[in-house]
Amino acid sequence: MLVAKSKGADVVALMSIYANTAKLLLLKSYGVNGPKDFVGHKIGNPPGDASRVMWPAFAKAAGIAPDAVTFVNIGPTAKIAALKSHTVDIISDFYNEHDLKVIEFGQTSAPSIEGHRAEPVRQFTIVNGAYMAKNPKVVEEFRSGQPEGLCACVADLAPCLKALLDQASGLTRRTRSGQWERIKYLMTDEFTTTKGLGWIDGERMKRDYELVQTYLGMEKPFDVTTAFSTRMLDAASRWMRAR
């Protein structure tokens, strides 16, 4: 999104749904218990995967050389099969999908980058700037309703889960319930529990901008404060009570 904005895209982030970044996953039975053990191993993910793009930044934070691992091109749906067949030793994926890995591999599969918050990859609600200027009421209602809905699900997951399972086939209650617990973790940080669910930290956005500029490049520099807005419903009290 920041790169697109540097190329002229009229976009504004309204809400940071995930306050924490997704995490790389690994299989402990291969002798990989943390970032230091990545050296000499193969990581499987698609060429454009965010974890691969931001790998140099992560490697620096973890204290290992960026070229200490080998990347193998694997499609998103082939990751588990590649890990099972030992074609690769490590795969990257979203933390909220970790329960699927636990089902496949047992508790030997675990998050690997706790404490190494180099990646800025988070999930935002983003709006077209021109649309927001023309339709402020629509955007404001959506922006207010989204945290309200999330807070409601934190308070009582049952109706939210029922609505999801009724409308989407192929999902199971077990995996979606586990996924929601991880999503709650991803949504939670100091700002979401004191200022409001989805709050965008301006200082962190500045750091993200510098990180993206270093590793992805910006076509034209811009003021990062124009890339987001914190004029949103304060849902902090409901969020804290629900948790």
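My aim in this report is to walk through the structure given alongside it, one point at a time. The structure presented is a predicted model; accordingly, all values stated were derived computationally and were not measured. (Residues numbered from 1 in each chain as written. Predicted model: local features only at pLDDT ≥ 70, side-chain atom pairs only at ≥ 80, totals over all residues. Heavy atoms only, no water.)

**Thoughts on the state of the cysteines**
- Counting across every chain of the model gives one disulfide.
- Here Cys-153 connects covalently by a disulfide to Cys-160, the sulfurs 2.1 Å from one another. Its torsion about the S-S bond being -100°, the disulfide of Cys-153 and Cys-160 is classed as left-handed.
- Judged by its relative accessible area of 14%, Cys-153 falls in the buried class.
- Judged by relative accessible area, which is 22%, Cys-160 ranks as partly exposed.
- Of all cysteine sulfurs in the structure, the one in Cys-153 sits closest to Cys-151, which takes part in no disulfide; the separation is 9.4 Å. (Disulfide = S-S within 2.5 Å. Buried < 20%, exposed > 50% of the residue type's maximum accessible area, 1.4 Å probe, protein only.)

**Remarks on the pattern of salt bridges**
- A complete count under the given rule lists five salt bridges for this structure.
- Glu-140 is paired through a salt bridge with Arg-143; the nearest N and O atoms lie 2.7 Å apart. Remark: Arg-143 and Glu-140 occur in helix H7 (residues 136-155); sequence separation between them is three residues, near one turn of the helix. (Salt bridge = Lys/Arg side-chain N within 4 Å of Asp/Glu carboxyl O. Helix = DSSP H or I, 4+ residues; strand = E, 2+ residues; numbered from the N terminus.)

**Side note on helix H5 (residues 98-105)**
- Of the residues making up H5, those classed as buried are His-98, Asp-99, Lys-101, Val-102 and Phe-105. All buried residues of H5 lie within an arc of 155° about the axis, which places them on one face of the element.
- Two residues or fewer after H5 comes Gly-106, characterised by a positive phi angle close to 80°. (Arc of directions from axis to C-beta.)

**A few points about the environment of Leu-165**
- Looking at the secondary structure, you find Leu-165 in helix H8 (residues 157-167).
- Each C-alpha atom of the pair Leu-165 and Arg-176 lies 8.9 Å from the other, and the pair is 11 residues apart in sequence.
- Excluding anything up to four places from it in sequence, Leu-165 contacts Leu-171, Thr-172, Arg-173 and Arg-176. (Contact = heavy atoms within 4.5 Å.)

**Concerning the packing of aromatic side chains**
- Under the defined criterion, the tally for this structure stands at five aromatic pairs.
- Aromatic pair Phe-38 and Trp-55: ring centres 6.2 Å apart, planes at 15°, arrangement stacked. Highlighted residues: Phe-38 in the loop between strand S2 (24-27) and strand S3 (42-45) and Trp-55 in helix H3 (residues 55-62), separated in sequence by 17 residues. Here Phe-38 and Trp-55 have matching classes, each one buried.
- Ring centres of Phe-38 and Phe-58 lie 6.2 Å apart, and the angle between their planes is 40°; this geometry places the pair in the tilted category. Remark: Phe-58 occurs in helix H3 and Phe-38 occurs in the loop between S2 and S3; sequence separation between them is 20 residues.
- Looking at Phe-38, the relative accessible area reads 0%, which means it is buried.
- Chaining the aromatic ring pairs together yields one cluster made of Phe-38, Trp-55, Phe-58 and Phe-71. (Phe/Tyr/Trp six-rings, centres within 6.5 Å; stacked < 30°, edge-to-face > 60°.)

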